[in-house]
Amino acid sequence: MAIKVHGLAVAACTVRVLLCLHEKGLEYELVPVDVFNGAHKKQPYLSLNPFGQIPALEDEDIKLFESRAICKYLANKYKDKGTDLLRSSSLKESAIAEIWMEVEAHQLNGPLRALIHQFVLNPLRGKVPDEKIVEGELEKLEKVLDVYEERLSKSKYLGGDFYTMADLNNLPYLLYFMKTPKASYVTSRPHVNAWWNDISSRPATIKVSEGMTMI
Amino acid sequence: MVVKVFGPVHAACPQRVLACLLEKDVDFEIVHVNLDQGEHKQPDFLVRQPFGQVPAIEDGDFRLFESRAIIRYYAAKYAERGPNLLGKTLEERALVDQWLEVEAHNFNDLVYTMVLQLVVLPRMGQPGDLALVHSCEQKLEKVLDIYEQRLSNSKYLAGESFTLADLTHLPGTRYLMNEAKMGHLITERKHINAWWEDISSRPAWKKLMNLACF
């Protein structure tokens, strides 16, 4: 199989890459990495990603890491296949999508990741969510979702009138977040909620989320 | 019509954009935003950048924010002009994207936290959290060991040419080495040090340093 994804079907950043592969209709092999026993911090995995993080991609001779970069590579290489995730035929449309990809990476990712840590990972380790951390992260999340609500009141998707990587990149952590007791932060915002309902019911999203069994 | 860049010339994220515009010889005008007086949190600015952060740009009637999105746009728009900042082949482009992500997710937060605690808070009369600085420093050492390994195999982060992957590191690294006085993290690593000497002596960066009166 030409495309190999090293990672775990339950892990958010691996999910990001799998969503992209499914949106593009690409065949791939998922090579599990035994993260729970530290395989990602040792060789041979470190030769795929020296930062010891999943996922990593092998596509014939090319090796890449960082899920958002992997997704861009796949979207560029297969730009004529499946969903047009980067709007690469229009520099301006592409730039608008890039803004919201950066927003996901720098504004939403932090609080969502921290909340998943509290509500999903902590229970797996026999711990309860830390109320103080949860409160702080929810406060940050609210501010970001207010911006999303405003944006999505003017635009069907984050990047414009069409689904792009700007929307896709939000799905991995959101898919877990919506199973936590704090899902109302999304459902209480009408435009964010409509957007969430739309992107979470895409065939690619449904397919990939079947593997997200951590919660 | 020149590109308007909204933000103070001394701040790291506007510098990321200005460095790119200078590399590409794109005319611009800096519209100062007074962060000390909270200008970036005022309604007029929030229309440009809803998170109240600098920079934002205005290019005719086209507006963008997020410095890393802005540099990607201009590097693509002026791909045929000046240095190729995006990579020529599909693989090179992917490596540029990969190291842009490394900067954003493995480098930036550590450097930002250290500069905040060592420089920004004390300037505002508040004590910095030195334990947090130490913890960030230890993590950054491990990250930079990986950069050192990479740069021992490759002149620049994405390959043999200077690209956005290198440019994106300029502002933060300068703050780390100068105001935060953490230069040893760079100078103690032979290949990182050579890389830093190279990228920080590019004419575009030197022009920016003049503009910023650094």
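Above: the structure in question.
As the structure is a prediction and not an experimental result, all values here were calculated from the model.

Novice: Honestly, the layout of surface pockets in this entry has me stumped. Any pointers?
Specialist: Over the atoms a probe the size of a water molecule is rolled, and this reveals where empty space is left. Approximately 550 Å³ is the volume attributed to the second largest pocket. In terms of lining residues, the second largest pocket is bounded by 25 residues, among which A:Asn76, A:Ser94, B:Ala76, B:Leu86 and B:Arg93 are the most central. Put simply, the parts of the chain that give the lining of the second largest pocket at least two residues each are helix 2 (67–77) and helix 3 (91–124) of chain A together with helix 3 (67–77) and helix 4 (90–123) of chain B. Broken down by element, the lining of the second largest pocket gets its largest block of residues, five residues, from helix 3 of chain A. Classifying every residue of the lining of the second largest pocket gives eleven nonpolar, seven polar and seven charged.

Novice: I keep staring at empty space enclosed by the protein and nothing clicks. Help me out?
Specialist: If you walk through the whole model with that rule in mind, you get one cavity of 30 Å³ or more. Considering only enclosed or pocket space, the largest cavity measures out at about 60 Å³ in volume. Around the largest cavity, the lining residues are A:Arg68, A:Lys72, A:Met101, A:Glu102, A:Ala105, A:His106, A:Asn169, B:Glu101, B:Ala104 and B:His105. Where the lining of the largest cavity is concerned, the elements lending two or more residues are helix 2 and helix 3 of chain A together with helix 4 of chain B. Ranked by the residues each element gives to the lining of the largest cavity, the list is headed by helix 3 of chain A, at four residues.

Novice: Which parts of the structure should I look at to understand the nonpolar core?
Specialist: One broad trend across soluble globular proteins is that nonpolar side chains are buried collectively. Among the nonpolar cores identified, the biggest contains 145 residues, and A:Leu74, A:Tyr148, A:Phe177, B:Leu140 and B:Tyr147 are the most heavily contacted of them. Sequence-distant contacts of B:Leu140, defined by excluding residues within four places in its chain, comprise B:Phe107, B:Leu110, B:Val111, B:Met114, B:Leu176 and B:Leu185.

Novice: Explain the sheet that holds strand 2 (residues 28–31) of chain B here, please?
Specialist: Within a sheet, neighbouring strands are paired by backbone hydrogen bonds and run either parallel or antiparallel to one another. All names here are of chain B. Overall, mixed pairing links the four strands, which are arranged 2-1-3-4 in an open sheet. The open sheet has two edge strands, strand 2 and strand 4 (62–65), and neither has a second partner. The mean inter-strand angle of the sheet, taken between neighbouring strand axes irrespective of direction, is 20°. Bridge count for strand 1 (residues 3–6) against strand 2 is four bridges, and the pairing is parallel. Residue pairing across strands places Phe 6 opposite Val 31, the latter belonging to strand 2. In the packing of helix 3 onto the sheet, the strands contacted are strand 1, strand 3 (56–59) and strand 4, and the crossing angle to strand 4 comes to about 130°.

Novice: What is the right way to look at the interface of chain A and chain B in this model?
Specialist: With 28 residues of chain A in contact, the opposing surface of chain B contributes 30 residues. When chain A packs against chain B, the two sides together hide about 2,700 Å² of surface, and 70% of this comes from carbon and sulfur. Run the count over chain A and chain B and you get two salt bridges. In this structure, the connection of chain A to chain B is made through six residue pairs in polar contact (both at pLDDT 80 or more).

Novice: What am I meant to see in the packing of aromatic side chains here?
Specialist: Aromatic rings considered in pairs are described by the distance between their centres and by the relative angle of their planes. Under the counting rule described, the total for this entry stands at 15 aromatic pairs over all chains. Ring centres of A:Trp100 and B:Phe65 lie 5.9 Å apart, and the angle between their planes is 80°; on these two criteria the pair is classed as edge-to-face. Here A:Trp100, found in helix 3, pairs with B:Phe65, found in strand 4, and the two come from separate chains. Judged by relative accessible area, which is 5%, A:Trp100 ranks as buried. Taken together, a centroid distance of 6.0 Å and an interplanar angle of 80° make the contact between A:Tyr157 and A:Tyr163 edge-to-face. Chaining the aromatic ring pairs together yields one cluster made of A:Phe51, A:Phe65, B:Trp99, B:Phe107 and B:Tyr147. Positioned above the aromatic ring of A:Tyr163 is the side chain of A:Arg202, whose terminal nitrogen or guanidinium carbon lies 3.7 Å from the ring centre. The ring of B:Phe162 carries B:Arg202 above its face, with NZ or CZ at 3.7 Å from the centroid.

The rules behind the values
- Residues numbered from 1 in each chain as written.
- Chains lettered and ligands numbered in written order.
- Predicted model: local features only at pLDDT ≥ 70, side-chain atom pairs only at ≥ 80, totals over all residues.
- Heavy atoms only, no water.
- 1 Å grid on protein atoms, 1.4 Å probe; cavity = no way out; pocket = protein on both sides within 12 Å on 5 of 7 lines; lining within 4 Å.
- Points joined across faces, edges and corners; volume = space filled by probe spheres on them.
- Helix = DSSP H or I, 4+ residues; strand = E, 2+ residues; numbered from the N terminus.
- Nonpolar A, V, L, I, M, F, W, Y, C, P; charged D, E, K, R; others polar.
- Core = buried A, V, L, I, M, F, W, Y, C linked by side-chain atoms within 4.5 Å.
- Buried < 20%, exposed > 50% of the residue type's maximum accessible area, 1.4 Å probe, protein only.
- Contact = heavy atoms within 4.5 Å.
- Pairing = 2+ DSSP bridges.
- Axes fitted to C-alpha atoms, helices over the stretch in contact; angles between N-to-C directions.
- Buried area = accessible area lost by both parts, 1.4 Å probe.
- Salt bridge = Lys/Arg side-chain N within 4 Å of Asp/Glu carboxyl O.
- Polar contact = N/O pair within 3.5 Å; in protein donor to acceptor, adjacent residues only side chain to side chain.
- Phe/Tyr/Trp six-rings, centres within 6.5 Å; stacked < 30°, edge-to-face > 60°.
- Lys NZ or Arg CZ within 6 Å of the ring centre and 35° of its normal.

Everything listed here is a matter of geometry and, on its own, says nothing about what the molecule does.
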